Amino acid sequence: MSIAYPFTAIVGQDDMKRALTIAAVDPGVGGVLVLGERGTGKSTTIRALAALLPKIDVVSGCSYQCDPLAPRPGLCARCGKPSDTPDTKAVTIPVVDLPLGSTEDRVVGALDIERALVNGEKAFQPGLLAQANRGFLYVDEVNLLEDHIVDALLDVAASGENVVEREGLSVRHPAQFVLVGSGNPEEGELRPQLQDRFGLSVDVRTPGDVPTRVEIIRLREAFDHDRTAFRKKWARKESALRRKIQVARDQLDDVDTPAELLETAAKLCLALGTDGLRGELTLVRSARALAALEGKSAATLKHLRAMAPSVLRHRLRRDPLDESSADIRVERVIAELFQESVNDGGS
């Protein structure tokens, strides 16, 4: 098993690290899209997150990591009976890679050929979506994903269930996961329907100052020289962040969202012309998760403002009369709106 680079040892890229941490605290924010040029640490950072994720209780022997406290009759034949008291075990939240070129059978699941040939029985071989249930599904170069795989992801992301009907099989199973994608926008655009499924979007760039670049090189060389020793050196910081994420997850439901926060979120989305209500919902959830990470009892306008660019930059309509980037448009409206809040006596 390869040793992953420590999440806390990653220099810079604070927006990306914050977005991934927010998704770990509240999977309901809807996933993270990380776009940027090659060599900016996108894949390294996302894979490093796996070591920070807390454990969850699952039903022993279940292929879908079902929650023993929330059975779903009809979706899992093994543990969907509320009357049962299943054996449980604690496992780390799964982080599953979906490689480019994966077949649809590998992603959604298919007939177990070996059992069909050996025993003559029709049995379901779970795919990557089953493995990612209650966890994270990571797609590198997500903008290059084949259309039929994108269609499958969109269907499952919308329903939280995977339906497989082929080779005489008819199977439904739970498939609720946080979708995390990375890619280089110069190599192809992301389909709008898939882009809208990501709750948070982050643009990453190569650091432009010498000290930061030198620090990155120094740490990477130390890691490549002795990976085990390097991880031990960062173990305390990794443990501290892991505990922080777990505490935030436990306290998330107790974080208050004042009426002023909801009103400001709605005003911001209206001013930017975002479609639907997904922008407001994600903005409020991510602000609350950030407050939980900071140990606060209530989300504030400060938390809302911090999360607004990541939540809204990929939801803007193209304006032929405004050639400004999405980031500039979001920041412009934020500045106007929050200045108005200050003048009205807001915080």
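Procedures and definitions
- Residues numbered from 1 in each chain as written.
- Predicted model: local features only at pLDDT ≥ 70, side-chain atom pairs only at ≥ 80, totals over all residues.
- Heavy atoms only, no water.
- Pairing = 2+ DSSP bridges.
- Helix = DSSP H or I, 4+ residues; strand = E, 2+ residues; numbered from the N terminus.
- Axes fitted to C-alpha atoms, helices over the stretch in contact; angles between N-to-C directions.
- Contact = heavy atoms within 4.5 Å.
- Buried < 20%, exposed > 50% of the residue type's maximum accessible area, 1.4 Å probe, protein only.
- Expected span 1.5 Å × (residues − 1).
- Core = buried A, V, L, I, M, F, W, Y, C linked by side-chain atoms within 4.5 Å.
- 1 Å grid on protein atoms, 1.4 Å probe; cavity = no way out; pocket = protein on both sides within 12 Å on 5 of 7 lines; lining within 4 Å.
- Points joined across faces, edges and corners; volume = space filled by probe spheres on them.

Q: Would you take a moment to explain the sheet that holds strand E7 (residues 135-140) for this structure?
A: In a beta sheet, neighbouring strands pair by backbone hydrogen bonds and run either parallel or antiparallel. One open sheet holds the five strands; their spatial order is E4-E7-E10-E1-E11, and the pairing between them is parallel. Looking at which strands have only one partner, the edges of the open sheet turn out to be strand E4 (95-97) and strand E11 (200-204). Along the sheet, successive strands turn relative to each other by an average axial angle of 20°, direction set aside. The sheet strands contacting helix H1 (residues 14-25) are strand E1 (32-36), E7, strand E10 (177-183) and E11, and the helix crosses E11 at an angle near 160°.

Q: I'm lost on the side chain of serine 310 in this one. Help?
A: Take serine 310: it is sitting in helix H13 (residues 301-312). Since its relative accessible area comes to 5%, serine 310 is described here as buried. Every residue in contact with serine 310, bar those within four places of it in the chain, is listed here: Gly199, Leu200, Ser201 and Val202.

Q: Help me out: how do you make sense of the environment of aspartate 203 in this one?
A: Note on placement: aspartate 203 falls in strand E11. Aspartate 203 gets classed as partly exposed once you look at its relative accessible area, which sits at 30%. It is 9.8 Å that separates the C-alpha atoms of aspartate 203 and proline 185, two residues lying 18 residues apart in sequence. In this structure, aspartate 203 is in contact with Leu35, Arg313 and Asp327, ignoring residues within four places of it in sequence.

Q: Is there a simple way to explain helix H6 (residues 147-159) in this structure?
A: Spanning 13 residues, H6 covers 19 Å between terminal C-alpha atoms, matching the ideal 18 Å at 1.5 Å per step. Turning to H6, its buried residues number three or more, namely Ile149, Val150, Ala152, Leu153, Leu154 and Val156. Those residues of H6 that are buried lie in contact with helix H3 (104-108), helix H5 (128-131), E7, strand E8 (161-166), E10 and helix H7 (192-195). Trailing H6 by a residue or two, glycine 160 shows a phi angle of about 75°, which is positive.

Q: Please clarify how the nonpolar core should be interpreted in this entry.
A: One broad trend across soluble globular proteins is that nonpolar side chains are buried collectively. Counting residues in each nonpolar core, the largest one holds 65 residues, and the members touching the most others are Phe136, Leu268, Leu283 and Leu312. Of the residues forming this core, the biggest block, eight residues, is contributed by helix H12 (residues 278-293). Of all hydrophobic cores here, the second largest spans 36 residues; its members include Ala132, Val139, Leu179 and Leu194.

Q: Just to check I follow, could you spell out empty space enclosed by the protein for this structure?
A: In this approach a probe as big as a water molecule rolls over the atoms, and the regions it shows empty are the leftover space. On inspection of all chains with the given rule, the structure shows one cavity of 30 Å³ or more. Of the volumes computed, that of the largest cavity is approximately 40 Å³. Lining the largest cavity, in full, are Ile46, Leu49, Ala50, Val95, Phe136, Tyr138 and Val180. Mapped onto the lining of the largest cavity, the elements with two or more residues apiece are helix H2 (42-49) and E7.

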